[in-house]
Structure formats: C-alpha cells, structure tokens
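Residue strings, one per chain:
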Amino acid sequence: MCRNIKTLFNFEPPATHDEIRDAALQFVRKLSGTTKPSKKNEEAFNRAVDQIAEAAHELLHSMETHQHPRNREEEAAKAKARSVLRFANA
C-alpha cells in the first residue's frame, strides 16, 4: 500500500490538498492494516486521515529548498522507466 505514497515536496505546481489527503489516507491504511474500516472504527480512521493530512500540509508548506522545483511529467517518466526495468526481469 505505501508504494502509492509519492513525494510531494518541491514540485511546480505545489501539491494539492487532494494529493496530500490521498497520501495521508494511504498512510493510515498501512498503519491500520485495512483499506476500509468497520463502522465502529470509521470515525477514528477518518479523524486520523484528517490529522495526518493537516500535519503533512503544514510540513510541505513550511519546508524550504534552494533546489529548482521538480517537473511532475519528468518524475513520472523516471518512475515508469524504473518500473519497466524492475519488472523486465520478473
């Protein structure tokens, strides 16, 4: 599940609220071991996603770098190339 969490810092345009929330959701899914909580645990699960998304948003917007922002398309192409190499030997 955590393979779906992508680096969100230092991109142009910056990470959106939805991207940050999706990463938080993946993190909570990994920690809890479930992709869909029971009705009894749904409130705690959603609260954790909200809190982690808020912390991640604060982190991403408070960090500084002197590096040039990364290009999303270039990073996606690099990831695809790594994937091709990884699964070519399978």
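Our structure's up above, just so we're on the same page.
Residues numbered from 1 in each chain as written. Predicted model: local features only at pLDDT ≥ 70, side-chain atom pairs only at ≥ 80, totals over all residues. Heavy atoms only, no water.

Chemist: Describe the overall build of the protein chain, naming the residues involved and giving the relevant values.
Modeler: Along its length, the protein chain carries 3 helices and 0 strands. Helices (α) and strands (β) of the protein chain occur, in sequence order from the N terminus, as α-α-α. Taking 12 Å as the expected radius of gyration for a compact globule of 90 residues, we find that the protein chain reaches 16 Å, considerably beyond that expectation. By principal-axis analysis of the C-alpha atoms, the protein chain measures approximately 40 × 40 × 15 Å. (Helix = DSSP H or I, 4+ residues; strand = E, 2+ residues; numbered from the N terminus. Rg over C-alpha atoms; globule rule 2.2 N^0.38 Å.)

Chemist: How would you sum up the pattern of salt bridges? Please name residues and give values.
Modeler: Evaluated as defined, the whole model comprises 5 salt bridges. Note that R21 is salt-bridged to D50, the shortest N-O span being 2.6 Å. Taken together, the positions of R21 in helix 1 (residues 17–32) and D50 in helix 2 (residues 42–62) put the pair 29 residues apart, joining distant regions of the chain. According to the relative accessible area criterion, D50 is partly exposed, its value standing at 42%. Between R47 and E43 there is a salt bridge, and its shortest N-O distance comes to 3.5 Å. (Salt bridge = Lys/Arg side-chain N within 4 Å of Asp/Glu carboxyl O. Buried < 20%, exposed > 50% of the residue type's maximum accessible area, 1.4 Å probe, protein only.)

Chemist: Can you explain the environment of L25? Please cite residues and give values.
Modeler: Looking at the element boundaries, L25 is found in helix 1. Sequence spacing of L25 and A44 is 19 residues, and the spatial spacing of their C-alpha atoms is 12 Å. Once residues within four sequence positions are removed from consideration, L25 is found in contact with F45 and V49. (Contact = heavy atoms within 4.5 Å.)

Chemist: Give me the lowdown on unusual backbone geometry, citing residues and values where you can.
Modeler: E12 connects to P13 through a cis peptide bond whose omega is 0 degrees. The topology assignment puts P13 in the segment before helix 1. The phi dihedral of N10 is positive, around 65 degrees, even though this residue is not glycine. Secondary-structure assignment places N10 in the segment before helix 1.

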